[in-house]
Amino acid sequence: MKRAKKTLHPLILSLTLLPAYAVYAEDEDDYLSMDVESLMDLEIVSSHKTPEKLFTTTAPIYVITQEDIKRSAAERVEDLLVRVPGLFVQQLTRHRNAISIRNDDTFFTATLLVLIDGVAVYNPANGGVVWAFVDAPLQDIERIEVIRGSGGITWGANASTGIINIITKKAKDTDKFSLTAAAGTEGRFDVTLQGSYQQDKHGIKATLHTNSDKGFDYIDISDVSTQKVFTSRYDYDGEDWHTRLSLASQVVELEDFNPFIAQVKDSIGHSDYFDFSTERKFSDGSLFVFKTHFGNLDSPQLSSGIQRLLIKTSDIESQYHHQWSDESRTYFAANFRSSDLSISDAFNPPNNQIDQTAFSLNHQMKFGEFKFEIGSRAEHNSNVEKEWHISPATRLSYQASDSLFFWGSATKSFQFPTYIQQGIKIKIGEHPSSKLDIFLKGNDKLRTEEIIDYQLGLRFKSSEDTLIDFNVYYSESDNIIADDLADIFFNNFELFNQYNNLLRHQTQGLELSLQKFYSEKYQTQFNLTYYKKNVFLMNSSKATGINLGISTAPNYKISWLNTAHFSSKTYLFGELTWVDNYFSEEEENIKQHFRLDIKLNHQYNSNVDIAIMAKNIFNNELEANSEFVIKDPQKVEPSYQVQVKYKID
């Protein structure tokens, strides 16, 4: 079997990089025929929570469209994110990924905000998101919008390096009925059943999804996983009013590794939520939006691996966007989010409820081809300092022509301490001389991290078939929270080390995306990331101290995507990604390596598609990098699967 795989790799690579010269029929599906003009006119909502064209957005944004999702060889959302410039994805086990934007790559990345239809799935206990509970089957996704850099006044604290907004389909954009089934190596089995009904202004859809796999074969731990998801959505699209109602429920079962007790433990978690949003459009272009969200998460997925976590979340937000004229617009928003946490005795935080209140105001003005934007967000977190945190932001853009757009921004944002950093008490080892147990202890006196972010960018359409998106950035972060291994103290005859605001970061880099549509037969995309981070240890006077020079994300990443159409019914997609070597906490630096994902798709008839997919070819290097996630770095296996989709439009 291993010999067969080695023989197959060069063949697969040659097919991936092969342009297609077959005659292209005119009855090609719409999702395979997007061009530069369509991409420039694509409307996104993640920058200001209101529709605006991708080409003139004053932020570095990358959109994974529904067309991209259909072409890809992805099994989960995490696979789609590998291509995004400025975003790092490292696979730790079969079902665990470390994902970050412009930051160190760890399992819980607190500076990244993940949203589903604009609703945060940020976990206040450990920061970031548990990706196993991102209940968005690929067939249910309309597009994914990724903004790099500070979320600033739009999304506030805990979005200081970027956001990922997963936007689901309306009923009118969903097949009346579809059944997608896939089976592959590592015991992979995946089934999605989806249906929709549209009547005048009303639409409803429902999705049932289940998958399971036995995990990697040759790692030294078990990582079996199963997932069962049910989602439903109702939409009303009137002339002035638009309303969405969403319900979802999910069960995830994992065999999970605990790094402290070196055991595999079975764990079952579930989540469910209810979302309601409505908006009113006025004749002058103004907009009123009201949203509410209620969710429950029963998750064993803490970084300690031995406590269960229950979170009940309620979120209410109101927005008003007033259009003064074609050249002037004001945004106002108010948000209240409450999280009620229940956890074991290993934690002693200030309290078990975290309330977060925010008000934001932003104003845009146009002067000819120039657009100026200024605003601020005031935010308060009940578990941190009593004062409010103010996040100012300003943006300036200039549209030189229909094909050239310049923009720049300066933003200040905050990162609140997590529940774990404030209240954890967990054994992490033994002192070598005294043989006393050492515990990691939370600190309820932690200050809020502060991030200042500067960005410059341009978008350029060089011809009718080429689009270039380029940006550079620089950011400074103060009061970064880390465990203070140099300050171990006694408490009740036990040894403790504690979280403190110890570090200062300086981050800089550039990101480039070049998309070229040679013809309806062949399309290619090239994405480049350069990332550099300096980490300084602070002394008592807060002056810049020793440059530690440590980052668990690579300095360089390159992705090359190709789609070749052999006919109107058959296409081949390939995504080749290279990452530079990077630091690992456990062993020597993880070496540079390639990853290749491919998909060969054939439309058997108007209702049936058959695909052969492969993921992680060549990528057998070590990827895990944090002892707080898994015992040792693990090898990443390639996987193969066959997928069949039956649909009725």
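(A) The arrangement of the overall build of the chain in detail. Within the chain, the regular secondary structure consists of 6 helices and 34 strands. In the chain, which comprises 649 residues, the share counted as buried stands at 58%. About 26,900 Å² of surface is accessible on the chain, with carbon and sulfur atoms providing 57% of the total.

(B) Quick look at the sheet that holds strand 3 (residues 61-65). Reading across the sheet, the 5 strands line up as 3-8-9-6-7 and stay open at both edges, with mixed pairing between neighbours. Each of the sheet's edge strands pairs with one partner strand only, and the pair in question is strand 3 and strand 7 (119-120). The sheet contact formed by strand 6 (residues 112-116) and strand 7 spans 2 bridges and is antiparallel. Note on strand 7: the bridge partner recorded for Ile 116 is Val 119.

(C) Up close: the environment of Val 535. When you line up the elements, Val 535 lands in strand 28 (residues 522-537). As a C-alpha pair, Val 535 and Ile 480 span 55 residues in sequence and 9.8 Å in three-dimensional space.

(D) Structural detail: the pattern of salt bridges. With the rule as written, the count across this model stands at 32 salt bridges. Three or more residues are tied together by salt bridges with common partners; here these are Glu 75, Asp 79, Arg 188, Asp 190, Asp 213, Arg 595, Asp 597 and Lys 615.

(E) Spotlight on the pairing of strand 34 (residues 639-648). Relative to strand 34, strand 10 (residues 177-184) runs antiparallel, the two sharing 8 bridges. Across the sheet, residue Thr 180 finds its bridge partner in strand 34, namely Lys 645.

(F) Spotlight on the environment of Asn 97. Tracing the sequence through the fold places Asn 97 in strand 5 (residues 97-101). The class for Asn 97 is buried, based on a relative accessible area of 5%. For the pair Asn 97 and Trp 131, spaced 34 residues apart in sequence, the C-alpha to C-alpha distance is 7.4 Å.

(G) Molecular detail of the confidence of the model for the chain. On average, residues of the chain score 81 in pLDDT, and 83% of them reach the 70 mark or higher. The low-confidence segment residues 257-264 (pLDDT under 50) makes 25 contacts with residues lying over four places distant or belonging to another chain. With pLDDT under 50 throughout, residues 625-632 is counted as low confidence; its partners more than four residues away or in other chains account for 29 contacts.

(H) Seen up close, the nonpolar core. Judged by nonpolar contacts, the single largest core of 28 residues is most densely connected at Val 77, Leu 81, Leu 87, Trp 131, Ile 144, Ile 164 and Ile 166. At the level of secondary structure, the elements contributing two or more residues to this core comprise strand 3, helix 4 (77-80), strand 4 (87-91), strand 5, strand 6, strand 8 (141-148) and strand 9 (162-168). With near-sequence residues (within four places) excluded, Ile 144 lies in contact with Tyr 62, Val 63, Ile 64, Val 77, Leu 80, Leu 81, Ile 164, Asn 165 and Ile 166. Grouped together as the second largest cluster of nonpolar side chains are 23 residues, Met 40, Ala 110, Leu 115 and Phe 405 included.

(I) Main features of a nonpolar patch on the surface. Together, Phe 177, Leu 179, Leu 193, Leu 208, Phe 230, Tyr 646 and Ile 648 line one region of the surface with nonpolar side chains, adding up to about 550 Å² of accessible area. Mapped onto the nonpolar patch, the elements with two or more residues apiece are strand 10 and strand 34. With respect to the helices, strands and loops of the structure, Leu 179 is situated in strand 10.

(J) Highlighting unusual backbone geometry. Residues other than glycine seldom take positive phi values, yet Asp 200 does so here, at roughly 55°. Of note, the phi angle at Asn 479 is positive, near 60°, even though the residue is not glycine. Within the secondary structure, Asn 479 sits in strand 26 (residues 466-491).

(K) Fine view of the side chain of Ser 559. Checked against the element boundaries, Ser 559 lands in strand 30 (residues 556-565). A polar contact of 3.2 Å, which involves the side chain of Ser 559, links it to the side chain of Thr 577. Not counting residues up to four positions away in its chain, the partners in contact with Ser 559 are Val 82, Arg 83, Gln 525, Phe 526, Asn 527, Leu 576 and Thr 577.

(L) Geometry of the packing of aromatic side chains. For the structure on display, the rule yields 8 aromatic pairs. Seen in terms of ring centroids, Tyr 518 and Tyr 522 are 5.3 Å apart; in terms of plane orientation they differ by 20°. Their pairing is stacked. Note on Tyr 518: relative accessible area 47%, which makes it partly exposed. When its relative accessible area of 11% is taken as the criterion, Tyr 522 is described as buried. Here Tyr 530 and Tyr 556 contribute two aromatic rings whose centre-to-centre distance is 5.2 Å and whose plane-to-plane angle is 45°, an arrangement assigned as tilted. Residue Tyr 530 is located in strand 28, and its partner Tyr 556 is located in strand 30; the two are separated by 26 residues in the primary sequence. Judged by relative accessible area, which is 38%, Tyr 556 ranks as partly exposed. Across the ring face of Trp 155, the terminal group of Lys 49 is positioned such that the distance to the ring centre comes to 4.5 Å.

The rules behind these values
Residues numbered from 1 in each chain as written. Predicted model: local features only at pLDDT ≥ 70, side-chain atom pairs only at ≥ 80, totals over all residues. Heavy atoms only, no water. Helix = DSSP H or I, 4+ residues; strand = E, 2+ residues; numbered from the N terminus. Buried < 20%, exposed > 50% of the residue type's maximum accessible area, 1.4 Å probe, protein only. Areas by Shrake-Rupley, 256 points an atom, 1.4 Å probe, with all protein chains shown as cover. Pairing = 2+ DSSP bridges. Salt bridge = Lys/Arg side-chain N within 4 Å of Asp/Glu carboxyl O. pLDDT = per-residue confidence, 0-100. Contact = heavy atoms within 4.5 Å. Core = buried A, V, L, I, M, F, W, Y, C linked by side-chain atoms within 4.5 Å. Patch = residues over 30% accessible without salt bridge, like charges linked within 9 Å, V, L, I, M, F, W, Y side chains within 5 Å. Polar contact = N/O pair within 3.5 Å; in protein donor to acceptor, adjacent residues only side chain to side chain. Phe/Tyr/Trp six-rings, centres within 6.5 Å; stacked < 30°, edge-to-face > 60°. Lys NZ or Arg CZ within 6 Å of the ring centre and 35° of its normal.

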